[in-house]
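Take a look at the letters that make up each chain.
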Amino acid sequence: MLAYTLRRLWQFVPTLAGVILLVFFLFNWIGGDPAYLLAGKISNPETIANIRRQLGVDEPYAVQLWIFLKQVLSGNFGASWSTNERVSEIFATRLGPSLTVLVPLLMISTLLGMAAAMLVAYLRGSLTDRAVMVACTVGQSISILVYILVFQYVFAYQLGWFPVQGWGVTFADNLLRYSALAIIVGIAVSLAPDIRLYRTFFLDEINQDYVRTARAKGMSEARVMWVHVLRNAAIPIVTNVLLQLPGLLAGAFLIERFFGIPGIGREVILAVERSDFPIIKAVTIYVAVATMVFNLLADLLYKAIDPRVVLK
Amino acid sequence: MRLAARLLALVALMAAQAALAQPESKILRVTFQAAETGFDPARVHDYYSGMIIEAIYDTLLTYDYLARPAKLVPNAAAALPEVSADGRTYTFRIRKGISFADDPAFKGRKRELTAQDFAYSIRRFYDPKNRSPYAFLFTGKIIGLDELAARAKAGAKFDYDAPVAGLQTPDPYTLVVRLKQPDVNFDYVLAFPLTAGVAREVIEAYGEESPSHPVGSGAFLLKRYVRSSKIVLARNPSYRGKTWDFDPGDNARFKQIAERMHGKRLPAIDGVEISIMEETQSRWLAFQRAETDIEYQLWEVAPTYMTDDGRLKPEFVRRGIQLDRTVDPEVIYLFFNMQDKVGDAPNPVGGFGRERIALRRAIAMSYNVDDQIRIIRKGQAVRAQYPIPPGVTGNDPRYTSVIPYDPRAANALLDRYGYKKGPDGYRRQPNGEALVIRYTSTPTERDRQFDELTKRSLDSIGIHMEIQKERFPEYLKAQKQCRVMMGHQAWIADYPDGDNFMQLLYGANIHESNNACYDSPEFNKRYERSRQLHPGPERDRLYHEMTRLMETETAWLLTDSRVRNSLQQPWVVGFTKHPVLHAEWLYLDLEPKPAY
């Protein structure tokens, strides 16, 4: 296990190098020159040159790449080009709001998805199963934007159950008042694909020999499903959840924008709009590293949950 | 169960009593549709940060809230500046007894606003380290400061203590500014919110964090700040206060405002709570749910709440919603690159030859501005005829553009000047070469609409158009390098004087603000003359001639100026959108909200 872990960690190096090169060249080729954005409405070539010098974008590519590499290794990405705020500070202050929405969202949607998937897998082929699958297909085909617009209109505006948007001071206020509708939207969006995916995991297990054996031995259906099937189906489900995590943090920008949640996803969009390379760099590297780490964790967890798994 | 119900009723009763015992705070709730960048005046990039800065800091001059066109009045200055006979020396007398809000940087002492603070603020625009986007307001104007900036750009630290001939403070309440050339607009510059007085010890204490630690002497102070999300301002207890005493003139709406506001001590509200909401739907629903008090711009959903003739729909009138409708001090225009070449390639729309002028004119005549206003602006814009928009000194409301929408005449013009159609149905240049117009825009939904409208226009006169997409920074870069053959651009007033607009066509401003790269000797001559003149008939005559010249040579097609529809809840009193002031929060009041 240790050797496997070390080998996987070593594989991080070329992957990360590839990501660094890709981000660097993408920004320099298609990212746009930030100096023109920062220079304001009226600027002369001298002003532009001064800004480029200060940002370091007038340096040869090799030097810029070396600086980027040092930033990745030290974890210090400097300050935002447009607001001067330290990138580390941006992460520190935006992480809380993102997690306030994403942790309950992920927990509730996973649990609901598992419960519903187990039920329809158990009732496979029945009218309920078919109805749920049709509903899931329809639900999955609808854009997240539609969910946001409709839920905001109905639950916040028409019914007045939630504020349309906002962010308060206390954690309880943010979780129960301001994040509630965003969490509900997130659950509604993720439930359909989760149920469909988890159903296949459950069906795989239900058809296994050990389930037939357990039933033949006279074990109750509840025990078969809750103890044996659930435990084995949980392995790919946990893996799936773990692999979703890194991207979720930066990818919830639509929910954060519409509900006024000052999280990381919203900050990423702002950074892209402003060509704020330090933030874009930091987020991209974070997503890459987190994806690799969570991949490794998922593999190790596989082994921990199912001793039959052999790590090569 | 019964006990729980009783307890709940008791809690509700106590809460109601507490609410009755305390007068309701007057907190104005508004939204910004884009995130701020920070509140350090010399470093600000965006309009919304400027609104906060205007609320927190004091400028030397400001604008009369109700005078139209906008009129300067003293603010931190005791009076309007004394200007020397040669127009090069401005002397400001600072009002005594103005204090900054308390801050740890002042180490427990009350800190008075002085002339040195304004001199320091002006110097900060020249400091290359600040990368000030508004440095152009001062660059090349004040004697000695450009030289100081040049030394800093060469590697030395910017010397804030070096004596500068053009910026002197003989005593704490006198600021003397000496200009290299007379500049009739210089007093407007000192009403711009970003030129407000900042305390040097605050900037030095917070260093790179200064954008999130604004300390001013204005009506409000920063109480709570969650970047890109929430900005809460509270009334500044150190603020000297003002009395609402503006003259409404003959304007009926202003008279109503004056009736309700006259004599009130300002600020009349206790604070402002600003939420950053990028999405129109969120802002519109929040306003309808009375979660916000003023919505500055909701033109995407204007047909939902407005009739075609620009009035509020009856259901909103019944709810007491108020509408303030003003034309933004801006012009939007379609520009042509006037240079002979775009990069290294020949430019088919550039130059001053007759056939090139005919081509530009034909393109301009094929462009349906009414469609732009109806479809893209959803009716929330007015046709721009003159380069200086309404509400800005120098605007000529009687001027009519000489470029009509007339595709048939445009086709005839092209035929006459030898732009013959080829077998593919598209016109060729008079020399027989292919004619392809490259139109540049950014990859946004709004610009896609402009692409379609422009393409349709050029198709109607048989001209082949290619669309080139550039991200916004690259689009700006291409404009400044005269590499955009044709594109749309908007310009909003930095100060309410025609010069701020006419300079966009001045030859010396190529690579700076003149994105058409227009360099007409006749235009330049008149512009240089206009710079020496105060607003008046002589300058207006020159502006008129310059506009005709520009239209004759067709460097631009003026299209529109957007209408700003500010919606207010029934309890907002005294609000009207000022054409130049960023935020009007100091001048309005809130009445008690009805209990729903």
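Calculation rules
- Residues numbered from 1 in each chain as written.
- Chains lettered and ligands numbered in written order.
- Predicted model: local features only at pLDDT ≥ 70, side-chain atom pairs only at ≥ 80, totals over all residues.
- Helix = DSSP H or I, 4+ residues; strand = E, 2+ residues; numbered from the N terminus.
- Buried ≥ 20, exposed ≤ 12 C-beta atoms within 10 Å, placed from the backbone.
- Contact = placed C-beta atoms within 7 Å.
- Rg over C-alpha atoms; globule rule 2.2 N^0.38 Å.
- Core = buried A, V, L, I, M, F, W, Y, C linked by C-beta atoms within 7 Å.
- Axes fitted to C-alpha atoms, helices over the stretch in contact; angles between N-to-C directions.
- Parallel < 35°, antiparallel > 145°, perpendicular 65-115°, else oblique.
- Left-handed = near helix turned anticlockwise from the far one by under 90°.
- Nonpolar A, V, L, I, M, F, W, Y, C, P; charged D, E, K, R; others polar.
- pLDDT = per-residue confidence, 0-100.
- Expected span 1.5 Å × (residues − 1).
- Pairing = 2+ DSSP bridges.

A short note on the overall build of chain A
Consideration 1: When you go through chain A residue by residue, the secondary structure sums to 14 helices and zero strands.
Consideration 2: From first element to last, N terminus to C terminus, chain A shows the α and β order α-α-α-α-α-α-α-α-α-α-α-α-α-α.
Consideration 3: Here chain A, with 312 residues, has 34% of them falling under the buried criterion.
Consideration 4: Of the contacts made within chain A by residues no fewer than 6 positions apart, 70% connect residues no fewer than 24 positions apart.

So, the overall build of chain B
Consideration 1: Looking only at helices and strands, chain B features 18 helices and 24 strands.
Consideration 2: Whereas a compact globule of 596 residues would reach a radius of gyration of roughly 25 Å, chain B reaches 27 Å, a difference of no more than 12%.
Consideration 3: Dimensions of chain B, computed from the C-alpha atoms along their principal axes, are close to 90 × 70 × 45 Å.
Consideration 4: In chain B, 68% of the contacts between residues at least 6 apart in sequence involve partners at least 24 apart.

As for the nonpolar core
One recurring pattern in soluble globular proteins: nonpolar side chains tend to sit buried together.
Consideration 1: In terms of nonpolar packing, the biggest core is built from 217 residues, with Ile255 of chain A together with Ala55, Ile56, Leu505, Ala516, Ala555 and Trp556 of chain B touching the most fellow members.
Consideration 2: Excluding residues within four positions of it along the chain, Ala555 of chain B makes contact with Phe335, Phe336, Met338, Leu505, Ala516, Tyr518 and Met550 of chain B.

Focus on the packing of helix H7 (residues 144-158) of chain A against helix H9 (residues 180-206) of chain A
Residues and elements named next belong to chain A.
Consideration 1: It is at 10 Å that the axes of H7 and H9 come closest, and there the two elements cross at 140°. Judged by the inter-axis angle, H7 sits oblique to H9. At the point where H7 passes H9, the crossing takes the right-handed sense. Seen from H7, the contacting residues are Ile144, Tyr147, Ile148, Phe151, Gln152, Phe155 and Ala156; seen from H9, they are Leu181, Ile184, Val185, Ala188 and Val189.
Consideration 2: Of the residues assigned to the contact of H7 with H9, the class counts are 11 nonpolar, one polar and no charged.

Remarks on unusual backbone geometry
Consideration 1: Note that the residue after Arg68 of chain B, namely Pro69 of chain B, is joined by a cis bond; omega there is -5°.
Consideration 2: Relative to the helices and strands, Pro69 of chain B resides in the loop between strand S2 (61-63) and strand S3 (72-74).
Consideration 3: Residue Ser275 of chain A is not a glycine yet carries a positive backbone phi of 50°.
Consideration 4: With respect to the secondary-structure elements, Ser275 of chain A resides in the loop between helix H13 (264-273) and helix H14 (277-305).
Consideration 5: Ser275 of chain A gets classed as buried once you count the C-beta atoms within 10 Å, which come to 23.
Consideration 6: Phi is positive for His511 of chain B, which is not a glycine, with a value near 75°.
Consideration 7: By the element assignment, His511 of chain B lies in the loop between helix H16 (499-502) and helix H17 (521-531).
Consideration 8: Exposure remark for His511 of chain B: the 16 C-beta atoms within 10 Å place this residue in the partly exposed category.

Points about the environment of Thr393 of chain B
Residue and element names in this part refer to chain B.
Consideration 1: Along the polypeptide, Thr393 turns up in the loop between strand S18 (381-383) and helix H13 (407-416).
Consideration 2: Residues Thr393 and Met485 lie 92 residues apart in sequence; the distance between their C-alpha atoms is 31 Å.
Consideration 3: When neighbours within four sequence positions are excluded, Thr393 is seen to be in contact with Pro69, Pro496, Asp497, Gly498 and Pro535.

Side note on the confidence of the model for chain B
Consideration 1: Looking at chain B as a whole, its pLDDT mean stands at 92, while 96% of the residues score no less than 70.
Consideration 2: In the model output, the complex is listed with pTM 0.85 alongside ipTM 0.80.

So, H14 of chain A
Consideration 1: For H14 of chain A, which comprises 29 residues, the first-to-last C-alpha distance of 41 Å matches the rise-based estimate of 42 Å (1.5 Å per residue) to within 8%.
Consideration 2: Burial in H14 of chain A covers these residues: Phe277, Pro278, Ile279, Ile280, Lys281, Ala282, Val283 and Ala288 of chain A.

Points about the sheet that holds strand S6 (residues 167-171) of chain B
Hydrogen bonds between backbone groups are what pair the strands of a sheet, and the pairing can be parallel or antiparallel.
Residues and elements named next belong to chain B.
Consideration 1: Taken in spatial order, the four strands make up an open sheet running S4-S5-S7-S6, and their pairing is antiparallel. Two strands lie at the open edges of the sheet, namely strand S4 (82-83) and S6, each paired on one side alone.
Consideration 2: One ladder, built from three bridges, connects S6 with strand S7 (residues 174-178); its direction is antiparallel. Note that in S7 the partner of Asp171 across the bridge is Thr174.
Consideration 3: In the packing of helix H3 (residues 115-126) onto the sheet, contacts are made with S6 and S7, and the angle to S6 comes to roughly 170°.

As for the interface of chain A and chain B
Consideration 1: Each side of the interface is counted separately: chain A has 41 residues, and chain B has 41 residues.
Consideration 2: Listed by contribution, the elements that provide at least two residues to the side of chain A that touches chain B are helix H2 (34-38), helix H3 (45-55), H7, helix H12 (253-259) and H13 of chain A.
Consideration 3: For the side of chain A that touches chain B, the class distribution of residues is 19 nonpolar, 16 polar and six charged.

Things to note about the packing of H17 of chain B against helix H18 (residues 537-553) of chain B
Residue and element names in this part refer to chain B.
Consideration 1: At their nearest, the axes of H17 and H18 sit 10 Å apart, and the two run at 160° to each other. Taken together, the axes of H17 and H18 lie roughly antiparallel to each other. Every pair of crossing elements has a handedness; the one defined by H17 and H18 is left-handed. Taking contact as the criterion, the partners of Glu522, Phe523, Arg526, Tyr527, Arg529 and Ser530 in H17 are, on H18, Arg539, Leu542, Tyr543, Glu545, Met546, Leu549 and Met550.

Overview of the pairing of strand S9 (residues 230-235) of chain B
Residues and elements named next belong to chain B.
Consideration 1: For strand S8 (residues 220-226) and S9, the ladder comprises six bridges, and the chain directions are antiparallel. Looking at S9, one finds that Arg224 is bridged to Val232.
Consideration 2: Bridge count for S9 against strand S12 (residues 271-276) is five bridges, and the pairing is antiparallel. Looking at S12, one finds that Val232 is bridged to Glu273.

Concerning the environment of Thr100 of chain A
Residues and elements named next belong to chain A.
Consideration 1: Assignment of secondary structure puts Thr100 in helix H5 (residues 87-122).
Consideration 2: Since 20 C-beta atoms lie within 10 Å of it, Thr100 is described here as buried.
Consideration 3: Put simply, Thr100 and Ser179 are 79 residues apart on the chain and 7.3 Å apart in space, counted from C-alpha to C-alpha.
Consideration 4: Setting aside residues up to four positions removed in sequence, Thr100 forms contacts with Asn174, Leu175 and Ser179.

Some points on H18 of chain B
All names here are of chain B.
Consideration 1: Taking 1.5 Å per residue, 17 residues should reach 24 Å; H18 reaches 24 Å between its end C-alpha atoms and fits that length.
Consideration 2: Of the positions making up H18, those classed as buried are Arg539, Leu542, Tyr543, Met546, Thr547, Met550, Glu551 and Glu553.
Consideration 3: Looking at the packing, one finds that the buried side of H18 touches helix H11 (354-366), H16, H17 and strand S22 (556-568).
Consideration 4: Among the residues trailing H18, Thr554 stands out with phi positive, at a value near 50°.

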